[in-house]
Amino acid sequence: TIIHDEFGAHLSSTFEGRDVSSMERVYRWVAATRMFKEHLYMGFGPGNFYPYYKNYTLSSFETYVSENPEGSTAHNYALLLLAEQGTIGLAIFIFLTAVIFIYGEKIYHRTNKEDDKRIVMMLLLVLAMVYVNLTLSDMLETDKVGPFFFIGIALLAAVDIRDRTSLKA
């Protein structure tokens, strides 16, 4: 694996699976999968990916950044949940995800205001983008992705509350 200074070379090496970032992700995904297999139901505990993952890696995917001095984790939220919180943690997250999108759809169909429909659709799209981002990162609890997720859910609830209040009046 190598790193490229030119964007075109970096892009082509990414698609070929030869850049550092892609291989480092595979390195950590393999470790997360192997950790999950050892602790299927409860995982290793919240925040315990970093202290344990190196024992579960495969050297064939190792890169020169694999020392990981910054302590970053799996770069995939589902795999991080499986490694740290097991099947139970992932099931709770999937349930939460289903509730959010079902709730959002109900709000969308219940509201009569076109502006509110647009707001609800925008919020659901932002949440969907957060979920797409979580396939290549695990930053839901950080200040990078988390606020969009939690504020999006709060705004969905606010639209619902406002809509229900206006129906009663």
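Above this note sits the structure.
Quick look at the structure, then. (Residues numbered from 1 in each chain as written. Predicted model: local features only at pLDDT ≥ 70, side-chain atom pairs only at ≥ 80, totals over all residues. Heavy atoms only, no water.)

Take the side chain of D163 next. Looking at the element boundaries, D163 is found in helix α6 (residues 146-168). Buried and without a salt bridge, D163 has R110 as its closest oppositely charged side chain, separated by 4.9 Å. A polar atom in the side chain of D163 sits 3.3 Å from the side chain of T111. Residue contacts for D163: discarding those within four places in its chain leaves R110, T111 and D116. (Helix = DSSP H or I, 4+ residues; strand = E, 2+ residues; numbered from the N terminus. Buried < 20%, exposed > 50% of the residue type's maximum accessible area, 1.4 Å probe, protein only. Lys, Arg positive; Asp, Glu negative; His and termini not counted. Salt bridge = Lys/Arg side-chain N within 4 Å of Asp/Glu carboxyl O. Polar contact = N/O pair within 3.5 Å; in protein donor to acceptor, adjacent residues only side chain to side chain. Contact = heavy atoms within 4.5 Å.)

Looking now at the nonpolar core. Considering soluble globular proteins, one finds that nonpolar side chains tend to be buried as a cluster. Counting 32 residues, the largest nonpolar core has M35, F49, Y77, F93, L140, F149 and L156 as the members making the most contacts within it. Where this core is concerned, the elements lending two or more residues are α2 (20-38), α4 (77-110), α5 (114-133) and α6. Residue contributions to this core peak at 10 residues, all from α4. With residues up to four places along the chain from it excluded, the contact list for F93 reads Y77, L81, Y131, L134 and L140. (Core = buried A, V, L, I, M, F, W, Y, C linked by side-chain atoms within 4.5 Å.)

What follows deals with the side chain of S72. Considering the arrangement of structural elements, one finds S72 in the loop between α3 (49-52) and α4. S72 sits in the buried class, given a relative accessible area of 17%. Looking at S72, its side chain comes within polar contact range of the side chain of E70, at 3.1 Å. Excluding residues within four positions of it along the chain, S72 makes contact with R28 and Y50.

Attention now goes to the pattern of salt bridges. A complete count under the given rule lists 5 salt bridges for this structure. The residue R118 makes a salt bridge to D115 at a minimum N-O spacing of 3.2 Å. Of the two residues, R118 and D115 both sit in helix α5, 3 residues apart, roughly one turn of that helix. A relative accessible area of 54% means that R118 is categorised as exposed. One continuous salt-bridge network, built from bridges that share partners, spans R110, D160 and R164.

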